[in-house]
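Commentary on secondary and tertiary structure
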Amino acid sequence: MAFSKMSRFEIPEERCLCHQERNDLERKIRKILAERKVNSIETERDVNVSCGPNSEKWTLKKVQEIYQNSKEWRKVQIFSCIPNFEKRDVNLKYQENVICKKYDELLHSNNEDIAIAEKEIQKDPDFKRFESILTNETELVLKEHIVEAMSGTPGLLLRSVHTDKVASQSKMGNHSALSDLGIEIPPYNCKNAEKCAGNNHKDECYRSENDFILLYVEGNNLCIRFVEVKRPNTTPWAKEEKKPGEKMTKYCLIQLEKGVKFMLSLIPDIPSSNIDIKAFSAFPETSCADLFCQACQPSIISKEDVEQMKLDSTYLRKKLSISQDIELPSSSGLDFLLAAISRLAGKASLLHTGYRDLSDAFTQEKQTMRQSIERLENKKTFWYLNAEQRDLLLNVNKSSLLRNFCFVGGSGTGKTQMALQVIRKLLDNYEGQKPIKLIMSSVQFGYPELRKYFEKQKFKDIEIEIVSLGTIVTNLHIIKEDYYVPGKKMYKMPVLIDEICKRFENVHTDEHIIFFLDEILTFGNPEGLDWRNLKPGPSINLLLAFSPVSLEKGTKLMVSKGKDPEDAAECLLLPTDASFHVQELCLRYRNSRSIQKLTSFVGLKIGKYLTSDEEPATCVDGEKPVWIDIAEDEANIEPALEQLKKYIENDKRSEMVLLYDRFLSAASKEILNNLGKPRTKGGFGWKVMEERLFHGHECDTVIYVGSGHLEAFTRAKLKLLIVTFSEKLEDKQWYNAYQSALSSAVQEKLIKKEVLVIEQEVMDTTE
C-alpha cells in the first residue's frame, strides 16, 4: 500500500530515521515466524492465574473454558478492549498554565538562558506529570480511532500490557510453571545473563510494556498488530515542533520486538502459517513526512495519518494492513483468538490487567463520576466555579450589596447546586430581626423529581415551603390569565415574578423571604426574555436559575447582561439592578463527555440550546449514546427497548429511568408504564415517567422514547439510549428536526444508530 500522497517530498533511505533498524525488525519477525515450530501445551497441568487481587492454581484448559462461557467473550465477537475504562484529565489547561508560569520564572532567574530553563523544567514534578497526562491523552486518541475502525469485527485491543506480570517468578512462581507447560517467555530485559544463569531470572528480567496489542481473526488466521506510541516532550512555549530523535525511535523498535516475542511465546501451539503479524511505530503528534522514507512510511503512524483518520473512516484499516472486507472467521480462527485472549485477559488469566469484566467500565465510571461531583461541589472549594465565582460565593455576607442572584449556564453546570449554597450562605450571614421563610419552587408540572430533591435538603431551623409556581400564583390570588402570553401556554415570566415578589412583601410583612425559582424556561417565550426591570424589595432575596433549553427551535440562544440583543439571536436580558449578581456557569461536570458532546451538538444544530463557553469538567468519557428510530409503529416500542437492554444488562447498581413525551397517545403511554412493572409481572422493572417530571434531576442511565427532547437527553449522567417515535403525528416538526440533528450526529460519530431487528415468526406449514 502506498502513502506517497502524504509526503511533499521524498526522503532518501540514508536520511530516513532508523531505516536499517526498521528493516532489521521486519526481517527478524519474518525469520521468527519461519523458524518457529508448533509446540503442544500441557493444558491439564496447573499454573498460577490472577483472579482479582489473588492468584489460584488453574489449568489452561479451565482458563479457556471459563472465558469461552463468559459475557466478555461474547463481547469480543463484536470487538472489545482492555482496559474498558480510561480516565482522562480535565485540567490540562490549568496544568499548562502552571508549568508555563514556572518556566517563565526559571527563564527570568537564569538571565533568559533558554537552555538552562529547559533543563531545569524537565526536572520539575509538575512538568513530568503534565507530560504523562499528554502522553496518556495521545494514546487514548489513537485508541478511539482503532476501536471505531474495528467495531463489529471479532477481536480485542489491549492497551498498556506489562509483560513481567505474566512471568512473575518471585510473587507467583509463574515462569517455572509456564516453562513446564511449554510456554517459554524470553528474559529480554535481563541485564546480567551470567548472574541469572540456570533459570535464576528476576521479574525485572521479563519487564517490558507494550502500548497496544490488537488481536483479530480473518478466516483461519489470528492477526496481531503491535503499535508503540511515542511523543517528544513538546513544551507549550516551543516555537518549533519537536521531532523524535534516533534514541526514541530505536527504543520504540526494541519495544515492538519484545512485544512480538512475548506474544508468540504465549501461543506456541498456534502454527506460524495461521499468524499474521505487523508492527507499527506511532508518532501521532509529529509530522513525519521529512523523517522517514517512502519504504518506511507504511509502518509509521504520524500526525498526518491521524488527520486522515478523522476524514476517512477506512483509513486506519488501510494503515494497519487490515482488509476492509475481512473474511468471516472460521471455527479454527476463533479457537486461536480464544486461546490467545483467555491466556492474556480472561476471567482468570496469566496477565491481570484490570477493568476487563464488562461491568467494570460502568462501575468505575459511576464511582469516578460520583467522586468528581463530590470534589467539584465541595462546600469549601467549589471547584466547578472559576476563581471569580468562588470569590463571590465565599464572600456572600451581611455587608454585601448583592441580595439577588441569577444563574445561567448549560445543563449539568451546577446552577441548582450553587443556588442552594448561596441560600446557605445567606442564612449563615443573616442578622435581621424578622424570621426567615425559605420558598423553593420550579417551573414544572405535577410532583417532579426536582421537588423531591428540594425536600431532601437540610437547612437551619427555619420555615421552608416547597411548592410549584402554579400553587404560588393560586395562593397569592394572582389572576394567571392576566399573565398569559397571547396564543401560547406560557407566562409573561418577568412581570409575573415581579408581581409575586410584591405580593410576598405584602403578605409576609413580618418575615424575610428567600425565594428560589428553578428551571425557568425563557427561550422560545417572546415575553419571557426581558428581565432588565426586575427589582425585588429589601425584604426579599430572589434567586433565579434559567434553563439553557428553548421551547422552540431554529434560533441562536444568547445571554446578555442588559445589552441590546445581537441580530438574529434570541437573547435573555438579565436584571440590571445593582442588587443582582449574574452567575454564568461554564464547567459541565454532571454528564459524561460523550453525552455532553452529543447534547451540545444536537441543541446547537436545532437552535434549542444556549450558546456559551461551556467546557467539560469530568474525566469520564462514558459510552457513546445509542439511537433507534421506529417511525410511526407503536408495536415496535417494546422490541426497540428490548434490543437496547444489551447496553445495560451488565451494569451493577445502576440508577435508571425511562422518560417519555407527554404528547404520546394513551395507548403508547400504557405500553411504557407496563414496562415499569416488576419482571415477575411481565415488565422490565424500570422506573418510568413523563419526561417533564424529571427536569432538573438526573440519573446514571436515561432511556428516552418520543419524537425527541433535548432536556430529557441532558438528564443522563453516564448512559443515554434514545428511541425516536413519530406516532402518526400531524405536526412532525420536532420529530423531523431531531431526525436531522441525530443523523448529523451519527456522521460526526457522536451517537451510534442501530437498526431495529424484528425476529420474524416462522409458521409451521407441515401437515
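Here's what I pulled together on the structure shown here. Along every chain, residues carry numbers that run from 1 in the direction the sequence is written. Only residues with pLDDT of at least 70 are given local features in this predicted model, and only at 80 or more are side-chain atom pairs given and counted; all residues enter the totals for whole chains, interfaces and linings. As a rule here, side-chain values come from all non-hydrogen atoms in the structure, and water together with hydrogens is ignored.

**Examining helix H4 (residues 92-109)**
Each full turn of the α-helix corresponds to 3.6 residues, which orients residues three or four apart in the same direction. The test is simple: Per the convention used, a helix needs a DSSP run of H or I reaching at least four residues, while a strand needs a run of E reaching at least two, with both numbered from the N terminus. What a helix should span is 1.5 Å times the count of its residues minus one. Accessible area is worked out with a 1.4 Å probe on protein chains only. A residue is then buried under 20% of its type maximum, exposed over 50%, and partly exposed in between. Think of it as the arc spanned by the lines of direction from the helix axis to the C-beta atoms. Should any heavy atoms of two residues lie within 4.5 Å, those residues are considered in contact.
For H4, built from 18 residues, the straight-helix expectation of 26 Å at 1.5 Å per residue is met to within 8% by its first-to-last C-alpha distance of 26 Å. Turning to H4, its buried residues are Gln95, Ile99, Cys100, Tyr103 and Leu107. On an axial view of H4, the arc spanned by its buried residues comes to 130°, and they lie on one face. Summarising the geometry of H4, the exposed residues directed more than 90 degrees from the buried face are Tyr94, Lys101, His108 and Ser109. Where H4 is buried, its residues contact helix H5 (114-121) and helix H6 (125-150).

**A few points about the sheet that holds strand S10 (residues 436-442)**
Using the following cut-off: Between any two strands, at least two bridges found by DSSP are needed for them to pair. The angle between two axes is taken between their N-to-C directions and runs from 0 to 180 degrees, where each axis is a line fitted to C-alpha atoms and a helix contributes only its stretch in contact.
The strand order across the open sheet built from six strands is S11-S10-S12-S13-S9-S16, with neighbouring strands paired in parallel fashion. The sheet terminates laterally at strand S11 (463-466) and strand S16 (580-585), the two strands that pair on one side only. In this sheet, adjacent strand axes meet at a mean angle of 10° when their direction is disregarded. With four bridges connecting them, S10 and S11 associate as parallel partners.

**Considerations on the packing of helix H1 (residues 19-35) against helix H8 (residues 246-266)**
Defined as follows: Orientation is classified from the angle alone, with under 35 degrees giving roughly parallel, over 145 giving roughly antiparallel, 65 to 115 giving roughly perpendicular, and any other angle giving oblique. In this count, Pro and Cys sit with the nonpolar residues alongside Ala, Val, Leu, Ile, Met, Phe, Trp and Tyr, while Asp, Glu, Lys and Arg are called charged and the others, Gly among them, polar.
The contact between H1 and H8 brings their axes to 10 Å, and the two run at 5°. When the interaxial angle is binned, H1 and H8 end up roughly parallel. Seen from H1, the contacting residues are Glu21, Arg22, Leu25, Lys28, Ile29, Ile32 and Leu33; seen from H8, they are Thr249, Lys250, Leu253, Leu256, Glu257, Val260, Lys261 and Leu264. A breakdown of the residues in the contact of H1 with H8 according to their chemical character gives eight nonpolar, one polar and six charged.

**Details of the sheet that holds strand S8 (residues 300-302)**
The mixed open sheet is built from six strands, whose spatial order is S3-S4-S5-S6-S7-S8. A strand with exactly one partner marks an edge of an open sheet, and here the two such strands are strand S3 (80-82) and S8. Looking at each pair of strands side by side, their axes are set apart by 20° on average, direction ignored. In the sheet, S3 pairs with strand S4 (residues 155-162) via three bridges, with the strands oriented parallel. Within S4, the position partnered with isoleucine 82 by the bridge is leucine 158. Sheet strands in contact with helix H11 (residues 331-345) are S3, S4, strand S5 (209-218) and strand S6 (221-229), and its direction is about 155° off that of S5.

**Focus on the pattern of salt bridges**
Oppositely charged side chains can form a pair if their charged atoms are brought close together. The line we're drawing: Counted as salt bridges are all cases of a side-chain nitrogen of Lys or Arg within 4 Å of a carboxyl oxygen of Asp or Glu.
Summed over the entire model, instances satisfying the criterion amount to 37 salt bridges. Lysine 250 is paired through a salt bridge with glutamate 21; the nearest N and O atoms lie 3.6 Å apart. Here lysine 250 is found in helix H8, whereas its partner glutamate 21 is found in helix H1, with 229 residues between them in sequence. On the basis of relative accessibility, which here comes to 31%, the residue lysine 250 falls in the partly exposed class. Glutamate 21 sits in the partly exposed class, given a relative accessible area of 28%. Aspartate 577 serves as the salt-bridge partner of lysine 535, at 3.8 Å between the closest nitrogen and oxygen. Taken together, the positions of lysine 535 in the loop between strand S12 (512-520) and strand S13 (540-546) and aspartate 577 in the loop between strand S15 (569-573) and S16 put the pair 42 residues apart, joining distant regions of the chain. Overall, the relative accessible area of 56% leaves lysine 535 in the exposed class. Via salt bridges that share partners, Lys102, Asp124, Asp126 and Arg129 belong to a single interconnected network.

**Side note on the nonpolar core**
Threshold: By nonpolar core is meant a set of buried Ala, Val, Leu, Ile, Met, Phe, Trp, Tyr and Cys residues that side-chain atoms within 4.5 Å join together.
Ranked by size, the top nonpolar core spans 54 residues in total, and within it Leu158, Leu215, Leu222, Ile224, Phe226, Ile277 and Phe292 carry the most contacts. The biggest single contributor to this core is H8, with eight residues. Every residue in contact with isoleucine 224, bar those within four places of it in the chain, is listed here: Ile213, Leu214, Leu215, Met263, Ile267, Ile275, Asp276, Ile277 and Lys278. If you look at the next biggest cluster of nonpolar residues, it comprises 35 residues, including Ile472, Val473, Ile513 and Phe546.

**Some thoughts on the pairing of S16**
With five of six residues buried, S16 is to be regarded as a mostly interior element. Of the strand pairs in this sheet, strand S9 (residues 404-409) and S16 are connected by six bridges, and their pairing is parallel. The residue bridging phenylalanine 405 from the neighbouring strand is histidine 581, located in S16.

Geometry only, nothing functional implied.
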